[in-house]
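Single-letter residue listing:
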Amino acid sequence: MALMETREQLHEQLQVIIDWENDQKDLWFWEKLGRLPFALLDKFTPRLIQDKLGAALNEIGRFVQTGGDYLTSQQEILHKLQQQSLAHASLHAAQPESQEEERPAAAGMTLNQAAELPLKVMDQVADELAASHVKLATVQGAATGFGGLFTIAIDIPAMLGLSLKVLQEIALCYGYDPQEARERIFIVKCLQFSSSDIVGKKAVLDELAEYESGGKQVQVMSQLQGWREVITVYRDNFGLKKMFQLVPLAGSLFGAYMNRDALQQVAETGSMLYRKRRIMERLHKLDAAP
């Protein structure tokens, strides 16, 4: 059914991800610069905005512990994977597409089956979902930026919700269950990675080494204790992205650009890190096979 990758293909794709991780050092200066204005924002923004930002960031903690209100539709994502799998199989089969569709379309795909799909299928669905959410974030940023300072109170929790949602959907695309506590921790680490400087990114990659190796002994409780650090990093870097939305009308353009850029970074981080986990697990399986 699935056309699995060879060891050489897996190593080639892994190298692409490693190169991407190394390229993240280019963001160091801008991410450092992004932390500076937030100290000023914290002093001069109205209490309403600070309360909204604090409440939104507290949602990250609730998400890690319970899933919060952001759990996405697993069946919807599995259906997309199934349809893409059929299209992928038809391109590699000698028989007509109509015969291909008759095989797996009758029964719904499970998460375990999704984990065995070719990486090309996973990548395609993840990219389509990310593109859809990026468009939504762009429109949302333009709308909420129109009112300047006061509509940021709407944009902040909405952007956080979009970020958590797209990361959950990407997790499902690569065959991981975001309803598990260890996966929700991984999602928050993806948020931290997308907002950190080079030092923070290296620390996150080190912490995720057990996930990438397929290790099952990740200490969930100890990871839960560190989520407040994630919130601090996310808040500090979110300050620069929202600073330019303080001016009415002009904030609409900045809001659209900033939201688009922020969600693109989150989605790219999620896709790369989840793809890396799946590749590493497949390489370990190949190594363990007789």
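Residues numbered from 1 in each chain as written. Predicted model: local features only at pLDDT ≥ 70, side-chain atom pairs only at ≥ 80, totals over all residues. Heavy atoms only, no water.

Considerations on the overall build of the protein chain
Looking only at helices and strands, the protein chain features 14 helices and 0 strands. Ordering the α and β elements of the protein chain from the N terminus gives α-α-α-α-α-α-α-α-α-α-α-α-α-α. Working note: accessible area of the protein chain is about 14200 Å², and carbon and sulfur atoms make up 58% of it. (Helix = DSSP H or I, 4+ residues; strand = E, 2+ residues; numbered from the N terminus. Areas by Shrake-Rupley, 256 points an atom, 1.4 Å probe, with all protein chains shown as cover.)

Brief notes about the pattern of salt bridges
Close approach of charged atoms allows side chains of opposite charge to pair. Taken as a whole and judged by the stated rule, the model has 9 salt bridges. The partner of E116 in a salt bridge is K285, and the shortest N-O contact between them spans 3.5 Å. Linking E116 in the loop between α6 (111–114) and α7 (119–145) with K285 in helix α14 (residues 250–288), this pair joins segments that are 169 residues apart in sequence. Through salt bridges that share partners, R182, E183 and R277 make up one connected network. (Salt bridge = Lys/Arg side-chain N within 4 Å of Asp/Glu carboxyl O.)

As for the nonpolar core
Counting residues in each nonpolar core, the largest one holds 54 residues, and the members touching the most others are L81, C173, Y174, L273 and Y274. A total of 10 residues in this core trace back to one element, the largest contributor, which is helix α8 (residues 152–173). Excluding anything up to four places from it in sequence, Y274 contacts L167, I170, A171, Y174, Y176, E183, F186 and I187. (Core = buried A, V, L, I, M, F, W, Y, C linked by side-chain atoms within 4.5 Å. Buried < 20%, exposed > 50% of the residue type's maximum accessible area, 1.4 Å probe, protein only. Contact = heavy atoms within 4.5 Å.)

Digging into the packing of helix α9 (residues 181–195) against helix α10 (residues 198–207)
One can describe the packing of α9 onto α10 by two numbers: an axis separation of 8 Å at closest approach and a directional angle of 155 degrees. By the angle between their directions, the pair α9 and α10 is classed as roughly antiparallel. Note that α9 runs across α10; the crossing there is left-handed. Residues K189, Q192, F193 and S194 of α9 form the contact with α10, whose own contacting residues are K201, V204, L205 and E207. Classifying every residue of the contact of α9 with α10 by side-chain character gives 3 nonpolar, 2 polar and 3 charged. (Axes fitted to C-alpha atoms, helices over the stretch in contact; angles between N-to-C directions. Parallel < 35°, antiparallel > 145°, perpendicular 65-115°, else oblique. Left-handed = near helix turned anticlockwise from the far one by under 90°. Nonpolar A, V, L, I, M, F, W, Y, C, P; charged D, E, K, R; others polar.)

Focus: the packing of aromatic side chains
Within this structure, the stated rule accounts for 3 aromatic pairs. Plain terms: the ring middles of Y176 and Y274 are 5.4 Å apart, the flat faces sit at 40 degrees to each other, and that makes the pair tilted. Within this pair, whereas Y176 is found in the loop between α8 and α9, its partner Y274 is found in helix α14, the two being separated by 98 residues in sequence. Y176 sits in the buried class, given a relative accessible area of 6%. Here Y274 falls in the buried class, since its relative accessible area comes to 0%. Put simply, the rings of Y176, F186 and Y274 pair up and form one aromatic cluster. R277 extends its terminal NZ or CZ atom over the ring of Y176, reaching a point 4.0 Å from the ring centre. Residue placement shows R277 over the ring face of F186; its charged tip is 4.5 Å from the ring centre. (Phe/Tyr/Trp six-rings, centres within 6.5 Å; stacked < 30°, edge-to-face > 60°. Lys NZ or Arg CZ within 6 Å of the ring centre and 35° of its normal.)

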